Each structure stands twice: as C-alpha cells, then as structure tokens.
Amino acid sequence: MDDILSMKESVLVYLDRSGGLEKLAEDCKRFNDPQQTEAVYRFCIRVNPTDLTEVDSVMGDCVLHDILRATALFQSVCFLAIKTLSLIDKIHTESQVNVILNLTHLPPFPEYTMDLCSFPRVCGPVRPVSVEGMVIAITRVTKYTQGARFLCINEDCPSSAGFGHIRVHAPGATESATVRNDFSCRVCSSQLKEDVKFRVLGDKQLVELIHVNALDVLRGHQQSSFRYQSVTLFLRDELCNSMRIGRFYRVLGIPAHVHQWPNITCSVEANSVQPWEPEYGHRVSGSFQELLKNTASSPWRFSAVVAHCFGLDVAPPGSYNTLKLSLLLSLVQTRTDAEDTFQNLDLLVVTADALILDRLMAYSLSLACRGVRHQTSGEMFASLSRDEHGAGTANINAGSALLATGGICMLGDLGCYKKDKLDAIQSVMESRTVSVFIPGRKFGEDADQQLSFPVQCSFWALTDSSRRSGRADCALLGTAEMGPVPVQLADAFGLTIQCRDGMGDQALLAQTVHTLQQAVQPGNPPLHPSCWEFSTPDYQELLAHAQGLQVELSSAAEKIIHGYYMASRRVRTQSQGVEMSVASVKLLISLAEAHCKLGLRTQVIEEDAVIAVLLCENSVTLKHGASALIIPPDAVFPCDLGDVEGLHKRDAILDKLHQNILRFIYAYAPGADTYITEE
C-alpha cells in the first residue's frame, strides 16, 4: 500500500513539473457543457519516460514494463485532481476517467523494439515497443466504443443507478469485450444492461505495416525465398489519418493478441506515430572526390564521366550515355523536400532493344532509396478488400505506384499493357492523384464513398519502336515511332529519350561481348579499359549525397530557361499547333536542378540550363517534330568520351550549342533583347 501511495505521489509531482496538471485543467473545460453528459471522459497525457524516471525510477520502470498498471495509477491521480479542484462535477467514480498515456520515446535498446522480421512476436510481457516500417494498406475511419455505462437489472441493487459499472476499451480488446449482454453485477450477480444513451464512441482506423527490407522484394531482384509479413496497427481517435500509404513511420505502441475465435491475431495498439526515414550513407567516395577535382575546369565534365561509367554491369562504357544521364538525373531529383513538396522526373525510353535497356533501368532502380518494379499482373495503383479484423470495412491496399511513394516506380514495357490501363496511367500522371471508389452496400455503409490519394513517385517506362503505331505525324522531321504509346501519354511522361544503335553492328558486337563476359566472369574488370572506375556502392553514396543538396537557381540559368520556353512556345504554336504547357517550365527547372546536384554544386548555373534545354528539346522533337532550334539527336553526348580529348571535344560542341540556344531565344522569345545581347 505504501508503495502505491509513493508511486501516486511521484505521478503527481511529474504532472506538476511537466505541465500535465495545467493541460488536464484545460482539457476539462470542454467537458463542462451542461447539455453533455457522458459515461467516460477521455484524457491524453504526454509522458516522457526519461523525465519520469528522474522523478521516480520505480514509476519510470512501471511505465516501460507494465503500461496497464501505470495507466491505472495516472487514472487515480487524475481523478483525485479533478475532484479536488472541482474541474468536472459530472464525474462521480474513478472508472469514468479514461486516461491514455502518450509516450514521447522509448530507450534505444533491442528489448523495446519489435522487429517485423523476427518470429514469434509478442511472447513477452505487454509493454510498449517501437515498430518501424512502411504502410502498405489502410482502412477507412470507423467507430468503436470508447466506454459504456452498465446498470444492474435488479432495482434493489445499488448498481441499478449511478456509475458503478463502467467498461472502457483496453489495448487488444475487441468490440465485444467492451459491449455485450452477458456481464454480471459485482454486487448481486444479476445481469447488467447497457445504458445506451451514455455510450461514448471514438474513431478507429487499421493500418498494415511491413518491414522496410520488403523494398528489396518490390524492386524485383530478391533471390532468396525469404518472405515478409505485415503487422496490423490500430489507430484510435486523434491518431486516425496520421499515416499515409507508402510512407515510412516509427510507431510506439502496445502489442496485443486479438482473439477472434478460432483465430488469434498479433496486432499493435498505436500510442504515438512519427514520420521516419531509413538512414543511408551520404559520404562521397574518394574516387568521385578525385574525379570532381580533376574535372573542375568545366561544369559539364563531372556528370559526363559519371554517366559514361554508369551501369557497366549491364552495358559497355560509352553506350546509352544520354539514357544513363537521364536515369541518374531522375534518381537525384526524385525526393520530398523539407516543405513536403514532392519533386519528380518521369522518363519514357523509346528503343528497338527493350531487353538491354530494361536491364539497365532495373539496375538503376536498385540504386534508388525507394524503388518498385511493377509486375503486369499486379495492381498498379490501389485495390479493395474486406477488413479481416472484425470491422468489415473496406481495406485499401497500395499498388506499385503508392508503394513507391518518394521513389521510382518502374512500369517496364508499355506494350504489355492494354489500352484501358494506358489511359489510367495517363490520367494518374496528369493529375498526380489516384481515386478509389468504395461501394457502400458491399462494405456495410449507407453511402458510397470516393477517396483520393496523392501519387508521389517518378515513373520509368520504355516502349518498343519496332511495333508500328500507324501515327500520321511520324513523317514529321525528327519524330520517333512510339509503338503502342499515344502522344498524349508520352507528353504526360515529360522527358522522352530515344536510344539509337548509332554504330550498328559494331555496337551490337560490343554489347554481345560485354554480356557474355558478365555472364561467364561476373565481377571481373571490363574488357574496355578506362581511366575511371567506380563501384556500385560509390554510386549509391553519390546519389544519396546529391539528392540531399539544396540548390538555388541563378539569374543566368533562369533567363535561359524562361527565354527558351517563351521562344519554343511561340515557334511551335505558330508552325506546328503544339502548345507548350507550363509543365515544360517545371521539367526544365527540374532537369537543371538535377544536373547541378549531380555535379555536387549548390547553385544552378547557365551550363546546367543548357543541358536541360538540350534534353527537353530532343524530347519534344521526338513527339512533335523539329523546330527552328536545330540540334543533333544526341546533343548532350555528341562524341565518344573514351579519353580526356573526348571531354575537350564535347565541351567545344556544347559551347556552340549554347550559342545556338541564345540565338534562338534572341530571335523568337518576346522581349529577349532586354537580357540577351546580339553578340
């Protein structure tokens, strides 16, 4: 008894020091409406285990290892405070005070972590644990019973009135554990009957969380037979809608066994939810630092060498350089910034050799912090199923695009999709949202409902140009055969790259020899000697570092981008009837920023804008034909980069193209003479 009194005293001291008593008094004001009478009054108390342990180590240990007992002690103290201070006159018994302890954190030890890869789960005592993972499914918000008042049917019993029998929800308890018709009176053992008008309802939402390592399976390169299983989280009241599909979270909660005869399900009652991101290395390797020093004379060279040596496990150096650079730019630019604004860079590849490029894109996907390879037979956006935990509501399961939130979703060959699926892809890419229709009758609701989810990922896809589409405008100068992809869908992707076999049989022979060597002697040095060699971990660290850079657009780069957009819109509208949308400006800025980051710089300069213009102009030409700005098909990599001389030659060609862009802007952009001189 003395120990209990001592612990209650410690709780009171902690509430006084932490401001908990002031918050309790403030929360009581909303319950003082004379028209409102409830059986249970709910209070959330924020508890810092470290601070509580400094006040009383025994009480701190109780919170960490016996949360239900600690909750009862806080409940008793709060009831005494409410009655002593006359905060709520309608509370008559301690059981009417429903206290929820929200923990700020847990000790960073394995004993307080619930590893979603381990088995069995929840074999120890019921105590708070930390769970980290990705949301793969979520339900609608439904109602549950927070608390209910029961009265004895024996009118002579004292419990036939008052608040002697109050039942509140406990972690892991089902609805039937709180409300049913077979409870007995503690005084006379007669049957209890619920006083329905005093029932208190709350919000409930179920979330499926899976281990972050499941992303290795979603990338499509998992070789082992290891499988991942999700765990169900119960979000209640203020925590509802605090988690989004496809995001990472760290959840503090209480593990419990949900009994639904004949099954027992492991679940976690969420206590607090915090956004979380896995930690990745952000250190630039010594080899790339040395390369950056050696190429400091030109802002174009570092990114050129990085792209030239990229993906040597799939393709020989020097092949598909424009595609390699575009993949790297997309990897760098796909992220969510500090203001939760998503930056993306979609990519459509036109080729007659889909096999090799599919492998190259799959290799690039493995370097993304988050990447999902969509399987044609799977769900791309979202699907519905019935909740299996007794609620009977709709369970919204994430498809590939939602699972890839904040990363890359690789669609593969668009020729494998039917027209309705291509139309759905186009609609989602244009609106950046996916809508889910929930029929009310099927899932026990009175009305139908439609929910929308943001799609925050970059899409990669390829199309086989050998499949003729029959487009009437393919005869225009510069246009490419898109296969089964309509122009509207290609426009939705933004950046379109065509990979040509520029050297014919020589390129085919080089690719064949390279593929055979990788198959027979994987990991051996390439047959093509180069003065630059970088490993896959080097690229992972470089991309992670570049992705986190905060860049600023210089006035010179802004003038190039704005001038090119105005000139191109004027020329193409007059000659081709093609409208250059505002999305083109976003694409240009995104490309310029990505090239700046890949060069490990923090200010977007004029040379970055030139690369963005060349990539964008080539992309528009492939879809709508050439304009007055005449540039070669492979303008970004117009020559071989096998040695230093090749870098000098490329710089000279890019300087000439830079001048051509300035002349084009000066000639066609309205008002260009105010910021570009004729010289």
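Our subject is the structure listed above.
Residues numbered from 1 in each chain as written. Predicted model: local features only at pLDDT ≥ 70, side-chain atom pairs only at ≥ 80, totals over all residues. Heavy atoms only, no water.

Draft legend 1. Molecular detail of the overall build of the protein chain. Along the backbone of the protein chain there are 20 helices and 23 strands. Burial status across the protein chain gives 53% buried among its 679 residues. Partitioning the contacts of the protein chain with sequence separation of at least 6, the portion at a separation of at least 24 is 72%. Carbon and sulfur atoms make up 51% of the accessible area of the protein chain, which totals about 31300 Å². (Helix = DSSP H or I, 4+ residues; strand = E, 2+ residues; numbered from the N terminus. Buried < 20%, exposed > 50% of the residue type's maximum accessible area, 1.4 Å probe, protein only. Contact = heavy atoms within 4.5 Å. Areas by Shrake-Rupley, 256 points an atom, 1.4 Å probe, with all protein chains shown as cover.)

Draft legend 2. The arrangement of the nonpolar core in detail. Ranked by internal contacts, the top residues of the largest apolar core, which has 89 residues, are Phe288, Val306, Leu323, Tyr539 and Leu614. Take this core: its biggest share by element is nine residues, from helix α19 (residues 606–624). Excluding its chain neighbours within four sequence positions, the residues that come into contact with phenylalanine 288 are Phe302, Val306, Phe534, Asp538, Tyr539 and Leu542. With 63 residues, the next largest nonpolar core counts Ile138, Ala382, Phe453 and Leu622 among its residues. (Core = buried A, V, L, I, M, F, W, Y, C linked by side-chain atoms within 4.5 Å.)

Draft legend 3. Geometry of the side chain of threonine 322. In this structure, threonine 322 sits in helix α10 (residues 321–333). Not counting residues up to four positions away in its chain, the partners in contact with threonine 322 are Ile497, Leu615, Asp634 and Phe637.

Draft legend 4. Spotlight on helix α2 (residues 20–28). Burial in α2 covers these residues: Gly20, Leu24, Asp27 and Cys28. For α2, the angular spread of buried residues about the axis comes to 100°, placing them on one side. (Arc of directions from axis to C-beta.)

Draft legend 5. How the structure looks around helix α11 (residues 354–365). Look at α11: 16 Å from first C-alpha to last across 12 residues, which is about the 16 Å you get at 1.5 Å a residue. Of the residues making up α11, those classed as buried are Ala354, Ile356, Leu357, Asp358, Leu360, Met361, Tyr363, Ser364 and Leu365. (Expected span 1.5 Å × (residues − 1).)

Draft legend 6. Here's a closer look at the pattern of salt bridges. Evaluation of the coordinates by the stated rule reveals 19 salt bridges. With a shortest N-O distance of 2.7 Å, lysine 143 and aspartate 203 are connected by a salt bridge. Within this pair, whereas lysine 143 is found in strand β4 (residues 142–152), its partner aspartate 203 is found in strand β7 (residues 200–210), the two being separated by 60 residues in sequence. Of the charged contacts, one joins aspartate 651 and arginine 301 as a salt bridge, the two residues approaching to 2.6 Å between their closest N and O atoms. With aspartate 651 in helix α20 (residues 644–668) and arginine 301 in helix α9 (residues 301–308), this residue pair connects regions lying 350 residues apart in the sequence. (Salt bridge = Lys/Arg side-chain N within 4 Å of Asp/Glu carboxyl O.)

Draft legend 7. Region of the structure containing the sheet that holds strand β13 (residues 347–351). Strand order across the open sheet formed by five strands is β14-β17-β20-β13-β21, with parallel pairing between neighbours. With one partner strand each, in any of the chains shown, β14 (371–373) and β21 (495–499) form the two edges of the open sheet. Strand after strand, the sheet turns through a mean of 20° between neighbouring axes, direction not considered. Pairing between β13 and β21: five bridges, direction parallel. Bridge assignment links leucine 348 to a residue of β21, and that residue is threonine 496. (Pairing = 2+ DSSP bridges. Axes fitted to C-alpha atoms, helices over the stretch in contact; angles between N-to-C directions.)

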